[in-house]
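# Architecture and fold: a report
Here's the letter readout for the chains.
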Amino acid sequence: MTQAAIDLGRLAGRDVGRAARLMAEAHAAALSGKPPAVPPRPEIGASWERMLRRGVDPERAVRPRPLTPAELAERRQRSHLTEVLPLLRDGLVSVAESAQHIMVVCDADGVVLWREGHPSVLRHADAIGLAPGTDWREATSGTNGLGTPLVARRPVQVFSAEHFVRAHHRWTCSGAPITDPRDGRLLGVVDVSGLLDTLHPAMLKLVESVAKLAEAELRARHLRGLDRLRSVAAPLLARIGGRAVAVDEEGWVAAVTGMPPVDRLPLPRSLSAGPVRLGPLGLCSAEPLPGGWLLRPAQRPHAGVARLRLDLSEPGRPSLTVAGEVGSWTHDLSPRHAELLFLLAGEEAGCSAGALAEAVFGDAGRRVTVRAELSRMRRYLGELLEHRPYRFREGTGVEVVLPEDRSALLPHSLAPAVARARAGTAPRR
């Protein structure tokens, strides 16, 4: 077998030392600009390219000051990961301790919130700054099991010299992202890390499975919350004449009367009792309910001049702002919706479902998947998104805000059209 054909993942499970040496050679070649004898795995190679473009120092991590205890406590309290921390502990801490590893949980900013596990490994982690309140984004700490899954939006194992910073080469890390099923936002990453000689090839699958269990628990909590809100709102809606809708604090609809049902309404980032303008409904009155809001539209929504601002400037946090005659609102986008809106922004004449499927999946046959996603998008864009072909309503102004580094455009995306846009000119209107 040639070196180029070696499966480093399997080799690391059999011969950690040899796999580490091959990876160290690949790391050195990448830093010198030479082609490695054994190329890194695609997700690692992509991360190294990001590090080289950013000018990250492979000799040492440079991080902002750690959070103070008060700042850390506040950040923990704000994080939805607090809701599933007991589940993460039950699924991973005992395994980590017995395998001489530690469990680490960071938020969507890469800040370590919790760290538990084998005492001796915790001391080693202190030596490299892997502690609560520290910043482990790729931009500050290089390729690693916390920051890299945040960018890739998928589980990643980082083995030995796959870490970009040399001080981390003694470590093996397996991290999986956790996404909020309520709105598709990335909440953070759960990771199990240990020293190189304690590598277990099945650790990544275990971490990924526990992350999915955490997402399922968040989904179940969400549904239970909607049921409680529905039981409170149903008697109120039965007495109301006209249109009204009860939503939770994230805009998910629990009950509705006098209007077509929808799954979710985009709410302002801060909502208070009284008059409020919501893009899909127009002027409404908002009244607080336990766990949500009662919204009563004052008038029928009407078409008018609108402007869309698709903000892709911050990797991992795409958003859409809609401004028009009834005010403005902002909606955080899922990765797939960000891809589709980015592609539609560059096609004033519109696109068929087949053309979008080809652009996103490289397979025009996946029309059904694309139509389903666009149907979900119409729930918050309404008549601003037309179909046959899919395009923004005529007269709608569209602005796309790109990252300063074009190569950081939607870094999670594997869509062929997005990959071409990273290397070329992005859609403009």
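Cut-offs applied
Residues numbered from 1 in each chain as written. Predicted model: local features only at pLDDT ≥ 70, side-chain atom pairs only at ≥ 80, totals over all residues. Heavy atoms only, no water. Helix = DSSP H or I, 4+ residues; strand = E, 2+ residues; numbered from the N terminus. Buried < 20%, exposed > 50% of the residue type's maximum accessible area, 1.4 Å probe, protein only. Contact = heavy atoms within 4.5 Å. Areas by Shrake-Rupley, 256 points an atom, 1.4 Å probe, with all protein chains shown as cover. Lys, Arg positive; Asp, Glu negative; His and termini not counted. Charge placed at Lys NZ, Arg CZ, Asp CG, Glu CD. Domains from an automatic or database assignment. Buried area = accessible area lost by both parts, 1.4 Å probe. Salt bridge = Lys/Arg side-chain N within 4 Å of Asp/Glu carboxyl O. Polar contact = N/O pair within 3.5 Å; in protein donor to acceptor, adjacent residues only side chain to side chain. Nonpolar A, V, L, I, M, F, W, Y, C, P; charged D, E, K, R; others polar. Phe/Tyr/Trp six-rings, centres within 6.5 Å; stacked < 30°, edge-to-face > 60°. Lys NZ or Arg CZ within 6 Å of the ring centre and 35° of its normal. Pairing = 2+ DSSP bridges. Axes fitted to C-alpha atoms, helices over the stretch in contact; angles between N-to-C directions.

### Some words on the overall build of the chain
Assigned secondary structure in the chain consists of 13 helices and 16 strands. Across its three principal directions, the C-alpha atoms of the chain cover 70 × 45 × 40 Å. Of all 429 residues assigned to the chain, the portion counted as buried reaches 50%. In the chain, once contacts between residues fewer than 6 apart in sequence are set aside, the share between residues at least 24 apart is 57%. Looking at the chain as shown, the accessible area adds up to about 19800 Å², and 51% of this sits on carbon and sulfur atoms. Placing the 57 positive and 48 negative side-chain charges of the chain at their respective mean positions leaves the two points 2 Å apart.

### Observations concerning the domain arrangement of the chain
A common measure of how large an interface is: the accessible area buried when the components associate. According to the domain assignment, the chain consists of domain 1 (24-218), domain 2 (239-295) and domain 3 (305-421). Distance between the C-alpha centres of domain 1 and domain 3: 30 Å. Interface area, domain 1 with domain 3, both sides summed: about 840 Å², of which 46% is carbon and sulfur. The interface formed by domain 1 and domain 3 includes two salt bridges. At the junction of domain 1 and domain 3, the tally comes to three residue pairs in polar contact (both at pLDDT 80 or more). Across the side of domain 1 that touches domain 3, the residue classes tally to three nonpolar, one polar and six charged.

### Describing the packing of aromatic side chains
For any pair of aromatic rings, the description rests on two quantities: the centre-to-centre distance and the angle between the ring planes. Enumeration over the complete set of coordinates arrives at zero aromatic pairs. Over the aromatic face of W136 sits the side chain of R63, whose NZ or CZ is 4.1 Å from the ring centroid. When the ring centre of F361 is taken as reference, the NZ or CZ atom of R366 above it lies at 3.8 Å.

### Some points on the sheet that holds strand β6 (residues 244-248)
Taken in spatial order, the five strands line up as β7-β6-β10-β9-β8 in an open sheet, and their pairing is antiparallel. Each edge of the sheet is formed by a strand with only one pairing partner; in this case those strands are β7 (253-257) and β8 (274-278). Mean inter-strand twist for the sheet, computed between neighbouring axes without regard to direction, equals 30°. Relative to β7, β6 runs antiparallel, the two being bridged by four bridges. The residue bridging V247 from the neighbouring strand is V253, located in β7.

### Description of unusual backbone geometry
Cis geometry is adopted by the peptide bond preceding P389, which originates at R388 and carries an omega value of -5°. Within the secondary structure, P389 is located in the loop between β14 (385-386) and β15 (391-392). Positive phi, close to 60°, is recorded for R388, a residue that is not glycine. Even without being a glycine, L410 presents a positive backbone phi close to 40°. Turning to its location among the elements, L410 is positioned in the loop between β16 (397-401) and α13 (416-423). Residue L410 is classed as buried on the basis of its relative accessible area, which comes to 6%.

### Quick notes on the pattern of salt bridges
According to the stated counting rule, one finds 28 salt bridges in the structure shown. For D126, the salt bridge goes to R115, with nearest N and O atoms at 2.7 Å. Here D126 is found in helix α6 (residues 119-127), whereas its partner R115 is found in strand β2 (residues 112-117), with eleven residues between them in sequence. For R115, a relative accessible area of 18% translates into the label buried.

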